[in-house]
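# Report on the structure
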Amino acid sequence: MNEDDMDQESINVEIDTHAIEVSTLNMLKAFHEDPDREGLKNTPGRVARMYSELLAGYAMDPQKLVNSAIFNVTYDEMVIVRDIEFYSLCEHHLLPFIGHAHVAYLPSGKVIGLSKIPRIVDMYARRLQVQERMTRQVADFINELLQPRGVAVVVEGLHLCTMMRGVRQHEARLTTSAMLGGFRTNPATRQEFLDNISRGAGPLKI
Ligand code: ZN
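Let me sum up the structure you'll find in this document.

Turning next to the coordination of the zinc ion. At the metal site, the zinc ion is ligated by C90 (SG), H93 (ND1) and C161 (SG), and these contacts range over 2.1 to 2.3 Å. Exposure remark for C90: the relative accessible area of 3% places this residue in the buried category. Its relative accessible area of 33% is what places H93 among the partly exposed residues.

This is the structure we're talking about:
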């Protein structure tokens, strides 16, 4: 685990909305806007409330999130949850990147309630992120939680910082993956997952 990860894991507090209000006011002034005009006078407060929602993942306790949703079973076939929508903010520009995550694991005695997997993705998405790290965090979390025979996470994201900043010649769509256990060591298992998630998948749109 590198330093970045440790910092992220240790944060478990509400963000400082007052400081965001002050900073937003200062940004409006720096744009040479009139912060008192009709459309802007409530903007600092709105932005602060928005960030506390968009970055709510910092205040979520992952253990509480999954509590009581882990079941002992003998089922050992691949479990796949695909097309999980996520909304995140890139840590380089504070602009959104959004898309879909696909998660699979090979149970080894334990499964998790299916509705919890989108919530795990959401918890890691609602932080300042880079897509590569978010992908790995979801995989590592499920791996530690369920100790399955394998975990696979594929994330497809559209990055507004690339789309909006006049660097459109670069591909704004990014695919990242994390393969652990059987998904890493067994090409047939990995292929079964990749075939499943590519089946019937529509083009990524925003
Ligand atoms: Zn960015």
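Working note: regular strand, side chains alternate between the two faces of the sheet. Within strand 6 (residues 150–159), 10 of the 10 residues are buried, which leaves the element mostly enclosed by the surrounding structure. Neither face of strand 6 is left uncovered, since the one carrying G150, A152, V154, E156 and L158 and the one carrying V151, V153, V155, G157 and H159 both have all their residues buried. With 10 bridges connecting them, strand 3 (residues 96–106) and strand 6 associate as antiparallel partners. Within strand 6, the position partnered with H102 by the bridge is V154. Relative to strand 7 (residues 173–181), strand 6 is paired through nine bridges, and the arrangement is antiparallel. Residue pairing across strands places V151 opposite L180, the latter belonging to strand 7.

The terminal C-alpha atoms of helix 2 (residues 17–30) lie 20 Å apart, and with 14 residues this matches the ideal 20 Å at 1.5 Å per residue to within 8%. For helix 2, the full list of buried residues reads I20, T24 and L28. What you see down the axis of helix 2 is that its buried residues fit within an arc of 75°, all on one side. In helix 2, the exposed positions angled more than 90 degrees off the buried face are occupied by H18 and A30. On its buried face, helix 2 sits against helix 3 (43–54). Capping of helix 2 at its N-terminal end is provided by D16; its side-chain oxygen lies 3.2 Å from the backbone amide nitrogen of H18. Following helix 2 by one or two positions, H32 has its phi on the positive side, about 60°.

Taken together, the side chains of D76, E77, E192 and D195 make up a negatively charged region of the molecular surface. Its place among the elements puts D76 in the loop between strand 1 (70–72) and strand 2 (79–90).

Right, let's talk about the packing of helix 2 against helix 3 for a bit. Closest axis-to-axis distance for the helix 2/helix 3 pair is 8 Å, and the angle between their directions is 130°. For the element pair helix 2 / helix 3, the angle class is oblique. In this structure, helix 2 meets helix 3 at a crossing whose hand is right-handed. Residue-level inspection shows T17, I20, E21, T24, L25 and L28 of helix 2 in contact with helix 3, the latter providing T43, P44, G45, V47, A48, Y51 and S52. The class makeup of the residues in the contact of helix 2 with helix 3 is seven nonpolar, five polar and one charged.

Definitions and limits used
Residues numbered from 1 in each chain as written. Predicted model: local features only at pLDDT ≥ 70, side-chain atom pairs only at ≥ 80, totals over all residues. Heavy atoms only, no water. Donors = N, O, S within 2.8 Å, 3.2 Å for Na, K, Ca; no water. Buried < 20%, exposed > 50% of the residue type's maximum accessible area, 1.4 Å probe, protein only. Helix = DSSP H or I, 4+ residues; strand = E, 2+ residues; numbered from the N terminus. Pairing = 2+ DSSP bridges. Expected span 1.5 Å × (residues − 1). Arc of directions from axis to C-beta. Contact = heavy atoms within 4.5 Å. Polar contact = N/O pair within 3.5 Å; in protein donor to acceptor, adjacent residues only side chain to side chain. Patch = residues over 30% accessible without salt bridge, like charges linked within 9 Å, V, L, I, M, F, W, Y side chains within 5 Å. Areas by Shrake-Rupley, 256 points an atom, 1.4 Å probe, with all protein chains shown as cover. Salt bridge = Lys/Arg side-chain N within 4 Å of Asp/Glu carboxyl O. Lys, Arg positive; Asp, Glu negative; His and termini not counted. Charge placed at Lys NZ, Arg CZ, Asp CG, Glu CD. Axes fitted to C-alpha atoms, helices over the stretch in contact; angles between N-to-C directions. Parallel < 35°, antiparallel > 145°, perpendicular 65-115°, else oblique. Left-handed = near helix turned anticlockwise from the far one by under 90°. Nonpolar A, V, L, I, M, F, W, Y, C, P; charged D, E, K, R; others polar.

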